Amino acid sequence: MGAMTTDDAIVTRVERFNQERGGGVVVEARQGGYTLRLEASGAPIARLRPTGSADAVEVLYWSHRGKWSQIGDFGGATLPLDQALAYIADNSMFWTSV
């Protein structure tokens, strides 16, 4: 088996976080980022875009306009991956469309 890529490491960390919280979310690496969806319905929950700085990611939400949008009016929310996952898990904004 070859060395784990950065992409694989992020997917693994998201999956581990999901399992620790009881499951129900799937993660998919695509187009330079990671889409989190509800396992049961496929409904979008959040999108993570790596910033290239350590393990920081920009967190996007699925807006009422039917597209990924930044959080806030003054640029997106950028957090270390573990903090981003906790933010998504604990913030109802991500769960209203699911």
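Shown above is the structure to which this text applies.
Predicted model only: the values in this text are computed from it and were never measured.

## Some words on the pairing of strand S3 (residues 44-50)
The element S3 is extensively covered by neighbouring structure, given that five of its seven residues are classed as buried. Judged from the four bridges that link them, strand S2 (residues 33-38) and S3 form a sheet pairing that is antiparallel. Along S3, the bridge assignment pairs Thr-35 with Arg-47. Here S2 folds back onto S3 in antiparallel fashion, the turn holding five residues, of which Gly-42 has a positive phi close to 80°. Sheet topology places S3 next to strand S4 (residues 56-62); five bridges connect them, and they run antiparallel. When the sheet's bridge partners are listed, Arg-47 is paired in S4 with Leu-60. Here S3 folds back onto S4, and the loop between the two strands holds five residues, one of which, Gly-52, carries a positive phi near 90°.

## Description of helix H2 (residues 81-90)
Because an α-helix completes one turn every 3.6 residues, residues spaced three or four positions apart along the sequence face the same direction. Among the residues of H2, those classed as buried are Leu-81, Ala-84, Leu-85 and Ile-88. Relative to the axis of H2, the buried residues are bounded by an arc of 100° and lie together on one face.

## Here we look at the packing of aromatic side chains
In the structure shown here, the tally under the stated rule is two aromatic pairs. Taking the centre distance of 5.0 Å and the plane angle of 75° together, the rings of Trp-62 and Trp-68 count as edge-to-face. On the basis of relative accessible area, Trp-62 is assigned to the partly exposed category, the value being 32%. Here the aromatic rings of Tyr-87 and Phe-94 are separated by 5.7 Å at their centres, their planes lie at 75°, and the arrangement is edge-to-face. Relative accessible area serves as the criterion here: at 28%, Tyr-87 is assigned to the partly exposed category. On the basis of relative accessible area, Phe-94 is assigned to the buried category, the value being 1%.

## What about the pattern of salt bridges?
The full count for this structure, using the stated rule, is five salt bridges. Here Arg-21 and Asp-90 are joined by a salt bridge, their closest N and O atoms 3.1 Å apart. With a gap of 69 residues between them, Arg-21 in the loop between helix H1 (6-20) and strand S1 (25-30) and Asp-90 in helix H2 connect regions that are remote in the sequence. Exposure remark for Arg-21: the relative accessible area of 46% places this residue in the partly exposed category. A relative accessible area of 58% places Asp-90 in the exposed class.

## Overview of the nonpolar core
A general trend in soluble globular proteins is that nonpolar side chains are found buried together. Membership of the largest hydrophobic core comes to 21 residues, with the highest contact counts inside it found for Val-14, Leu-36, Leu-48, Ile-88 and Phe-94. Those elements that provide at least two residues to this core are H1, S1, S2, S3, S4 and H2. Once residues within four sequence positions are removed from consideration, Val-14 is found in contact with Val-27, Leu-36, Leu-48, Leu-81 and Leu-85.

Calculation rules
Residues numbered from 1 in each chain as written. Predicted model: local features only at pLDDT ≥ 70, side-chain atom pairs only at ≥ 80, totals over all residues. Heavy atoms only, no water. Buried < 20%, exposed > 50% of the residue type's maximum accessible area, 1.4 Å probe, protein only. Helix = DSSP H or I, 4+ residues; strand = E, 2+ residues; numbered from the N terminus. Pairing = 2+ DSSP bridges. Arc of directions from axis to C-beta. Phe/Tyr/Trp six-rings, centres within 6.5 Å; stacked < 30°, edge-to-face > 60°. Salt bridge = Lys/Arg side-chain N within 4 Å of Asp/Glu carboxyl O. Core = buried A, V, L, I, M, F, W, Y, C linked by side-chain atoms within 4.5 Å. Contact = heavy atoms within 4.5 Å.

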